[in-house]
Amino acid sequence: MALTAGIVGLPNVGKSTLFNAITNSQVLAENYPFATIQPNVGIVEVPDHRMEDFTEYYKPKKTIYTTFEFTDIAGLVKGASRGEGLGNQFLANIRQTDAIVHVVRCFDDDNIEHVEGSVDPIRDIEVINMELCLADLETVENRIGRIAKKAKAKDAEAKKELDCLEKLKPALEAGTPVRRIELEDSDLDYIKGYGLLTAKPVIYVANLSDAEISEPDENDYYQKVKAYAAEENSECIAICAKIEEELSGLDAAEKKEFLEELSIPESGLDQIITAAYHLLGLRTFFTVGEPECRAWTFRDGMKAPQCAGIIHSDFERGFIKAEIYSYEDFMQYHSEVALREHGLIRQEGKEYRMKDGDVVYFKFNV
């Protein structure tokens, strides 16, 4: 289940520095032999302390975390929707992502030129949002042109879709992202098919200086970005991209020590990965044992056979049942034998909705 967040931002806001940190932290290719990593894609592990506990107990030959992809979206400047910068190339790249990580500069430095001449994070956010809105507006207007005649001819389905599009058009013209528009549930089904950029969930990443990152709430720029994000129910994370790049070259022990020295509880990159993962409604189940302990990504609400299919299509096709226990019960008893004795290993069928932290053994017959 390859899931991707596109990193956007104006020039000189720290986007490239953050992406360098991601690519330096990239997972080893031998664990993912079927993944072709493009130059502008970084594949990183989703941090999960539960995997460390399973590994300590089972001492497997291989430990494989679940992963998340970040795509560096280049060429985003004012006028991108009209072809400025890399224009249409950036639009094609960003349409393929599941979420947007929007990097915003929140520090003053006379040695780093700002493309707009001054530091103003809300203006910068709105410059990019307007470009995305204009691109979406073009999509909406093209769709209106295709179905307007059907709607006038009293095609009931076309009329419903046209009503939806006519809600979107004035909002996009005013620079309002789709995620900020109040819509009916019936409208959302249409929107899914349009691939609208401003409908994608967003994480705003406030890039602070290394002197301010230990106390981000003291930074006025960050407070403004956080308030802006809260208005549209988006995530907001404070990082120092320069520090993230330095951290990416350290091993786990050195990284922990460095963060402690800076009084930072968790790296910004780990926060972004975790936030992106959960923003998309993603959860994790585990398969564990001496040969391999592995984390698998699934979408919240998926049933056991669908999750079995994530491992292999034969598992879903021939699904019989699943033996499941929870991570919390495992941490209490530290043994599958003890879990069985206490009746904590369950037999679940085709209608079972998987839960985050489920440890599972799928039974199937093809």
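What counts and what doesn't
- Residues numbered from 1 in each chain as written.
- Predicted model: local features only at pLDDT ≥ 70, side-chain atom pairs only at ≥ 80, totals over all residues.
- Heavy atoms only, no water.
- Helix = DSSP H or I, 4+ residues; strand = E, 2+ residues; numbered from the N terminus.
- Contact = heavy atoms within 4.5 Å.
- pLDDT = per-residue confidence, 0-100.
- Phe/Tyr/Trp six-rings, centres within 6.5 Å; stacked < 30°, edge-to-face > 60°.
- Buried < 20%, exposed > 50% of the residue type's maximum accessible area, 1.4 Å probe, protein only.
- Lys NZ or Arg CZ within 6 Å of the ring centre and 35° of its normal.
- Salt bridge = Lys/Arg side-chain N within 4 Å of Asp/Glu carboxyl O.
- Disulfide = S-S within 2.5 Å.
- Axes fitted to C-alpha atoms, helices over the stretch in contact; angles between N-to-C directions.
- Parallel < 35°, antiparallel > 145°, perpendicular 65-115°, else oblique.
- Nonpolar A, V, L, I, M, F, W, Y, C, P; charged D, E, K, R; others polar.
- Pairing = 2+ DSSP bridges.

### Some words on the environment of Phe68
Right, so step 1: Note on placement: Phe68 falls in strand β4 (residues 67–72).
Right, so step 2: In this structure the C-alpha to C-alpha distance between Phe68 and Tyr190, which are 122 residues apart in sequence, comes to 27 Å.
Right, so step 3: Phe68 has contacts with Leu3, Thr4, Ala5, Gly42, Ile43, Val44, Val46, Ala276, Tyr277, Leu280 and Leu282, leaving out every residue within four places of it along the chain.

### Description of the confidence of the model for the protein chain
Right, so step 1: When the pLDDT values of the protein chain are averaged, the result is 88; 91% of them are 70 or greater.
Right, so step 2: Note that pLDDT drops below 50 for residues 32–36; the model gives that stretch 5 contacts with residues more than four away or on any other chain.

### Section: the packing of aromatic side chains
Right, so step 1: Taken as a whole and judged by the stated rule, the model has 14 aromatic pairs.
Right, so step 2: Judged by centre distance (5.9 Å) and plane angle (45 degrees), the ring pair of Phe285 and Phe298 falls under tilted. Residue Phe285 is found in strand β8 (residues 282–287), and its partner Phe298 is found in strand β9 (residues 292–299); the two are separated by 13 residues along the sequence.
Right, so step 3: Taking relative accessible area as the criterion, Phe285 reaches 0% and is therefore assigned buried.
Right, so step 4: Taking relative accessible area as the criterion, Phe298 reaches 0% and is therefore assigned buried.
Right, so step 5: Linked through ring pairs, Phe54, Tyr57, Tyr58, Phe286, Tyr325, Tyr327 and Phe330 together constitute an aromatic cluster.
Right, so step 6: Taking the ring centre of Phe107 as reference, the NZ or CZ of Arg105 above it sits at 4.7 Å.
Right, so step 7: If you follow Arg294 out to its NZ or CZ, it ends over the ring of Trp296, 4.2 Å from the centre.

### Thoughts on the pattern of salt bridges
Right, so step 1: Under the defined criterion, the tally for this structure stands at 19 salt bridges.
Right, so step 2: Asp48 is paired through a salt bridge with Arg50; the nearest N and O atoms lie 2.8 Å apart. Note on accessibility: Asp48 and Arg50 belong to one class, buried.
Right, so step 3: Put simply, Asp217 and Lys226 hold a salt bridge, and the shortest N to O gap is 3.0 Å.
Right, so step 4: Using a relative accessible area of 31% as the deciding quantity, one classes Lys226 as partly exposed.
Right, so step 5: Among the charged side chains, a salt-bridge network with shared partners connects Arg179, Arg180, Glu231 and Glu232.

### Considerations on the state of the cysteines
Right, so step 1: The final tally for this structure, using the stated rule, is 0 disulfides.
Right, so step 2: You can see Cys106 has no disulfide; the closest cysteine sulfur is in Cys236, sitting 7.5 Å from it.
Right, so step 3: The exposure class of Cys106 is buried, given its relative accessible area of 0%.
Right, so step 4: Cysteine Cys293 shares no disulfide, and the gap to the nearest cysteine sulfur, in Cys307, comes to 18 Å.

### Focus: the packing of helix α4 (residues 121–152) against helix α7 (residues 220–231)
Right, so step 1: Two numbers describe how α4 lies on α7: the axes approach to 9 Å, and their chain directions differ by 40 degrees. Judged by the angle between their axes, α4 and α7 are oblique. Residues Pro121, Ile122, Ile125, Glu126 and Asn129 of α4 touch α7, and the partners they reach there are Tyr221, Lys224, Val225 and Tyr228.
Right, so step 2: Partitioned by chemical class, the residues of the contact of α4 with α7 number 6 nonpolar, 1 polar and 2 charged.

### Details of the packing of helix α5 (residues 156–173) against helix α6 (residues 185–192)
Right, so step 1: In contact at an axis separation of 10 Å, α5 and α6 are set at 85 degrees when each is read in the N-to-C sense. It follows that α5 is roughly perpendicular to α6 by the angle criterion. Contact residues: Glu157, Lys160, Glu161, Cys164, Lys167 and Leu168 in α5; Asp187, Tyr190 and Ile191 in α6.
Right, so step 2: Counted by class, the contact of α5 with α6 contains 4 nonpolar, no polar and 5 charged residues.

### Quick look at the sheet that holds strand β5 (residues 99–105)
Right, so step 1: Read across the open sheet, the 6 strands follow the order β2-β4-β1-β5-β6-β7; overall the sheet is mixed. Edge positions in the sheet fall to β2 (41–45) and β7 (235–239), since each of these pairs with one other strand and no more. Within this sheet the neighbouring strands show an average axis-to-axis angle of 25 degrees, counted without direction.
Right, so step 2: In this sheet, β4 lies alongside β2 in antiparallel orientation, the contact comprising 5 bridges. Paired with Glu45 across the bridge in β4 is Thr67.
Right, so step 3: Against the sheet, α4 makes contact with β1 (4–8), β5 and β6 (202–207), and its axis sits at roughly 145 degrees relative to β5, the strand it touches most.
Right, so step 4: Sitting on the sheet, α7 touches β5, β6 and β7, and the angle it makes with β7 is about 160 degrees.

### Quick word on the side chain of Asp187
Right, so step 1: Its place among the elements puts Asp187 in helix α6.
Right, so step 2: Assessed through its relative accessible area of 4%, Asp187 is described here as buried.
Right, so step 3: Leaving out residues up to four positions away in the same chain, Asp187 has contacts with Cys164 and Lys167.

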